[in-house]
Amino acid sequence: MAPEIKYTKLFINNEWVDACSGYTFAAYAPHDGSVIAQVAEGDRADIDLAVTAAKAAFHRDSKWRLLDASARGRLLNKFADLIQRDAQYLGELECCNNGMNIRMVLGIVQKGVNGARYAASLADKIQGDTIPADGDLFSYTLKQPVGVCGLILPWNAPILMFVNKVCTALAAGCTVVVKPAEQTPLTSLALAALLKEAGVPAGVVNVVTGFGPDAGAALTHHPDVAKISFTGSLEVGKQIQQAAGKANLKRVTLELGGKSPLVIMNDADLNLAVTWAAHGVFGNQGQMCFAASRTFVQSGIYDTFVKKAVEFARNIKIGNPSDPNVDHGPQVDGEIMNRVLAYIEKGKKEGARLLTGGNRIGTTGYYVEPTVFADVEDHMTIAKEEIFGPVQCIFKFETLKEVIDRANNTNYGLASGIFTKNINDALHFSKHVEAGNVWINTYLASTAQTPFGGFKDSGVGREKGVDCVEEYLEIKTVTISLPKTF
Ligand code: NAP
Ligand code: MG
């Protein structure tokens, strides 16, 4: 019951082509581990071709550069219409290849539509300043596209990552080469087909499927790439930042991982807090950069919260993610599943109290039980490292002052949350927590209009929001001499 897979070749210069090497690699369905497609395995040679196409499409005489900014916006709106038209198909493809449950994935596709429309709306609002320069001078600024951009995607929300990065870059007038994650190449190719159908000129968007150390690294080292936007792990993010400074000086946007604190105060709406804390860490099987992977609960409600959290985890419906009644599907692949299971073992060994879950489910596919640990302490491995799996870690705290320091005691700073009825506590926490996002009495709430990104090791730069397009622009200052005439 896998959806039809229409595109498995590289997308370069608006053509579907085999990899220069002729190699392919397998794409899998994590639900049962079956091979669903053989996909072209691009490497350095293919990246060269794609960058050459993108560079030609960026040339001042190209169709793309001569297009009005408002026409760029219309084109992106057309792309949004096509995503909407194919939403069910795209959702099913992502669900099959990634393992995200179909309800969640359809919500993500809708976020993609919204993101494309939002980027479309920004295309003709890119404008500079007139500047009161000293002396007999008149100065103004132009904001111009930075050039060819390398967009490197993770596997955990591929459609949204593709749409947000590509549409923002195109709104700015850049051209792009996309490198999807090895686990999830299929929806990027399907989206490239929609961009072609929307009328994007040849070379403006190119997609090279393949592996990080080959295709990905070739992109980050390429002298004709002006900018890299990367979403993925901290480890690879650091490599990319270094590579970006070698052949030339690339601009870099990094959206990396997290170890995000969610604080539940004694006065919180308990059922609401239990529900969001669970969604915040079990959604997409915990494979979310902003997962609420440290749940701090104040001592007055600690025991009740823990009891309810365990009940919630035990009632999560596990199964084939294509079933609309299922909440919890497989991890994306066997390697990730084993990494999660190893963290659970470490948690047990280091003395955290395992209350439910902790095991692989069956032997087919890559399923891990929703797992709850209580009495987690800050020094434990599961308290410090990003697990990226369905593992809720509950910590006890006494005071807001104490919990803010403990929340900030991490190299990460992506997201955070607090549940309380006390506005002073909520605002105090929001002010002092070191994180790019703070949610009050909710979690995971993020729309096309809200900037997203991290403090500290969680990243550099922001995506989404009204300023996102700035990440793809250079400022040019033009100064004119105005001789005194009277
Ligand atoms: P990853 O291993 O860092 O891979 C991300 C992408 O980088 C993949 O396309 C990968 O290709 C590529 N890559 C690997 N090595 C490379 C290299 N040397 N040079 C250039 N590219 C390279 O991350 P992941 O496992 O896909 O995703 C999980 C991580 O992403 C988590 O840490 C999560 O928190 C983070 N994340 C962050 C956000 C955010 O917005 N902050 C959103 C989602 C995910 P291959 O797949 O071929 O290896
Ligand atoms: Mg990887």
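Please refer to the structure placed before this passage.
Let us look at the structure shown here. (Residues numbered from 1 in each chain as written. Chains lettered and ligands numbered in written order. Predicted model: local features only at pLDDT ≥ 70, side-chain atom pairs only at ≥ 80, totals over all residues. Heavy atoms only, no water.)

Okay, the site of ligand 1 next. Taken together, 31 residues lie near ligand 1, and L153, W155, S233, L256 and E386 sit nearest. One of the side-chain nitrogen or oxygen atoms of W155 is found 2.8 Å away from an oxygen atom of ligand 1. Backbone polar atom of L256 to a nitrogen atom of ligand 1: 2.6 Å apart, as the coordinates give it. Here ligand 1, which alone exposes 900 Å², has 90% of that area covered by the protein. (Near = heavy atom within 4 Å. Polar contact = N/O pair within 3.5 Å; in protein donor to acceptor, adjacent residues only side chain to side chain. Areas by Shrake-Rupley, 256 points an atom, 1.4 Å probe, with all protein chains shown as cover.)

Let's shift gears to the pattern of salt bridges. With the rule as written, the count across this model stands at 17 salt bridges. Its salt-bridge partner being D224, residue K55 comes within 3.6 Å of it at the nearest N-O pair. Placement of K55 in helix α1 (residues 44-58) and of D224 in the loop between α8 (212-221) and β10 (227-231) is noted, with a sequence separation of 169 residues between them. A relative accessible area of 46% places K55 in the partly exposed class. Taking the shortest distance from any N to any O, the salt bridge between K348 and E345 comes out at 3.1 Å. Linking K348 with E345, this pair stays in helix α12 (residues 334-349), spanning three residues, or about one helical turn. K348 sits in the partly exposed class, given a relative accessible area of 35%. For E345, a relative accessible area of 42% puts it in the partly exposed group. (Salt bridge = Lys/Arg side-chain N within 4 Å of Asp/Glu carboxyl O. Helix = DSSP H or I, 4+ residues; strand = E, 2+ residues; numbered from the N terminus. Buried < 20%, exposed > 50% of the residue type's maximum accessible area, 1.4 Å probe, protein only.)

With that settled, the discussion passes to the sheet that holds strand β6 (residues 137-145). Sheet architecture is open: three strands sit in the order β5-β6-β20, paired in antiparallel fashion. Each having just a single partner strand, β5 (130-131) and β20 (473-481) make up the two edges of the open sheet. By the bridge criterion, two bridges tie β5 to β6 in an arrangement that is antiparallel. Bridging from a neighbouring strand, T130 pairs with Y140 of β6. (Pairing = 2+ DSSP bridges.)

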